[in-house]
Amino acid sequence: MKRVRFAPSPTGNLHIGTLRTALFNWLFAKRYNATYVLRIEDTDKARSKPEYEDNIYEGMDWMEIVEDEGPKKGGKFGPYRQTERIVEGIYQKQLNRLLEEKKAYYCFCTDKDLDAEREEAKQKNRPYIYSRKCLRLNPDEIADKLNSEISRTVKFEVPDTKSLIVSDGVRDDIDFDCSLISDFVLLKSDGNPSYNYSVVVDDALMEITDVIRGEDHISNTPKQLLLFKALGFTPPQYHHLPMILGQDKSKLSKRHGATAVTDYESQGYLSDALYNFLALLGWSPTDTTEIFDRASLSTLFSMDRISKSNAVFDVTKLKWMNGQYIRSLSESALSEKVKPFLDDASNAILAEYSESDVSKIIYSVRDNLALLPDINGYLESFNTSFESFSEKVKGFQFTDSERQVVLDFCKNILEYSDITSENVSKTMDIIVEKNDGKKGKVFKPIRKALIGLERGPNIVEILTLLGRENLSKRASFLNELFSV
Ligand code: GLU
């Protein structure tokens, strides 16, 4: 059985690019029936914060990506938080093996020593390779230093392999010359394992079969492969996903708008839309279809259709897609999603309606919404406030025939004791017929006079929802206004 992992570092709010990595691992798990592991890589103690870890969970919950194993869920390969694995001595145990087998060594060089070496390499225009000064220390010197207070790291002795082939599920094999890779740190001076080291120990011990992550990790891959070999573990298959760029083709950053997943939630995107949109950032189906629900993505997704070229984050397309998803919601689902985004003015307008009419009102304007808060721009038509209505109507000009249309409509509609959409439609039809079948000549003045707006959602729906009491009040006002 295949096993994949999503391994975020809680050093900031969950980034939209990181969510794409999670999603591709998740889709892989769905498609190939793999186990999806969540591992929290919190070894950077200075930058890792519990609130960022919470933000990761919040993003995952919102996206409905549910891990099979993880810090909260547990599992037989735990613990799943690296700081807990440090406490259990998991990294130390493997490190001792590397030290005993002389594949790793203590380094006592100070930052100053190393900076000087780096500077020298820069001056000579050479890639930086550690001098291996500490590899040449004799056992007594090492023992002395270990017994002292001198700060130390453990470094990996990079073998002299001229050609290390990294096979990648997405792109062509990459051939690395290891003589250009400097010995690198496994255990940092603060006693914590380095990223490259902990990730290998964890991927190995958690029996991860496929590593799916961003292309920015390609340069780490040879180091990780060398460590797999040195530890005698079988490496996973690597798959590096293309980068996500902003529309100006530079790396996606704050400049391009929101980068934190939770910001998308608070801006009124639906998680189904973001899920669909992100799936298309680096993967494409065999045809030009763009709207996929979660279930079809789980069956259609395939690793052989992941692109090598960078994906562009097109916010306009995301908004369009969000609108499509909004329109596909049921009346009750839309109402539930929209309610947290209603502003005070909208709430005041809707307070005049019953719960079920509120849902109908929200549903009637769905075609206008790209983001959920857009609702606030479309509720004025439903405002039952007589004052705001009468002020607006007084500002409009009406021709004599328009006045006649309005008064006819008012008279006819108020003959019904119950204002239903059928009654409104029927009345409209009668007036249209009386006016030589010219809809525009009828709808426009009625909208202006009875709603006080020149544009807005379907007039039959609005008039029905306004109800008899409002219409009757407005009709008396119009009778008076038009009689002078
Ligand atoms: N914690 C690493 C990151 O957030 C994971 C890298 C990897 O997938 O190997 O970038």
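Calculation criteria
Residues numbered from 1 in each chain as written. Predicted model: local features only at pLDDT ≥ 70, side-chain atom pairs only at ≥ 80, totals over all residues. Heavy atoms only, no water. Helix = DSSP H or I, 4+ residues; strand = E, 2+ residues; numbered from the N terminus. Rg over C-alpha atoms; globule rule 2.2 N^0.38 Å. Buried < 20%, exposed > 50% of the residue type's maximum accessible area, 1.4 Å probe, protein only. Contact = heavy atoms within 4.5 Å. Areas by Shrake-Rupley, 256 points an atom, 1.4 Å probe, with all protein chains shown as cover. Lys, Arg positive; Asp, Glu negative; His and termini not counted. Charge placed at Lys NZ, Arg CZ, Asp CG, Glu CD. Salt bridge = Lys/Arg side-chain N within 4 Å of Asp/Glu carboxyl O. Near = heavy atom within 4 Å. Polar contact = N/O pair within 3.5 Å; in protein donor to acceptor, adjacent residues only side chain to side chain. Nonpolar A, V, L, I, M, F, W, Y, C, P; charged D, E, K, R; others polar. Pairing = 2+ DSSP bridges.

1. Some points on the overall build of the chain
What the chain contains, in helices and strands, is 20 helices and eleven strands. Relative to its length of 484 residues, the chain is extended, with a C-alpha radius of gyration of 33 Å against a globular reference of 23 Å. Principal-axis analysis of the C-alpha atoms places the extent of the chain at approximately 110 × 45 × 45 Å. Every one of the 484 residues in the chain was classed for burial, and the buried ones make up 48%. Expressed as a percentage of contacts within the chain between residues at least 6 apart in sequence, the contacts between residues at least 24 apart total 75%. Total accessible area on the chain is roughly 23500 Å²; 48% of this is exposed by carbon and sulfur atoms. Taking the 66 positively charged and 75 negatively charged side chains of the chain as two groups, their mean positions are separated by 3 Å.

2. Considering the pattern of salt bridges
All told, the structure shown has 25 salt bridges when counted by the stated rule. The closest approach of N and O atoms between Arg3 and Glu69, which form a salt bridge, is 2.9 Å. Taken together, the residues Arg3 in strand β1 (residues 3–6) and Glu69 in the loop between α2 (50–63) and α3 (82–87) connect sequence positions 66 residues apart. Just as Arg3 is buried, Glu69 falls in that class too. One network of salt bridges, in which partners are shared, links Arg5, Arg39, Glu41, Arg85, Asp202 and Asp203.

3. A word on the side chain of Thr427
Within the secondary structure, Thr427 is located in helix α18 (residues 421–434). The exposure class of Thr427 is buried, given its relative accessible area of 1%. Sequence-distant contacts of Thr427, defined by excluding residues within four places in its chain, comprise Phe409, Asn412, Ile413 and Tyr416.

4. A short note on the site of the ligand
Residues in close proximity to the ligand include Arg5, Ala7, Ser9, Glu41, Tyr195, Val199, Arg213 and His217, which together make up its full environment. Between an oxygen atom of the ligand and a side-chain N or O atom of Arg213, the distance comes to 2.8 Å. His217 places a side-chain nitrogen or oxygen 3.0 Å from an oxygen atom of the ligand. Protein chains bury 81% of the 300 Å² of accessible surface belonging to the ligand in isolation. Counted by class, the shell around the ligand contains three nonpolar, two polar and three charged residues.

5. Structural notes on the pairing of strand β8 (residues 210–214)
Taken across its five residues, β8 has five buried, putting it largely inside the fold. Direction of pairing for β8 relative to strand β9 (residues 237–241): parallel, over a ladder of five bridges. Note on β9: the bridge partner recorded for Val211 is Tyr238.

Geometric values such as these leave the question of function open.
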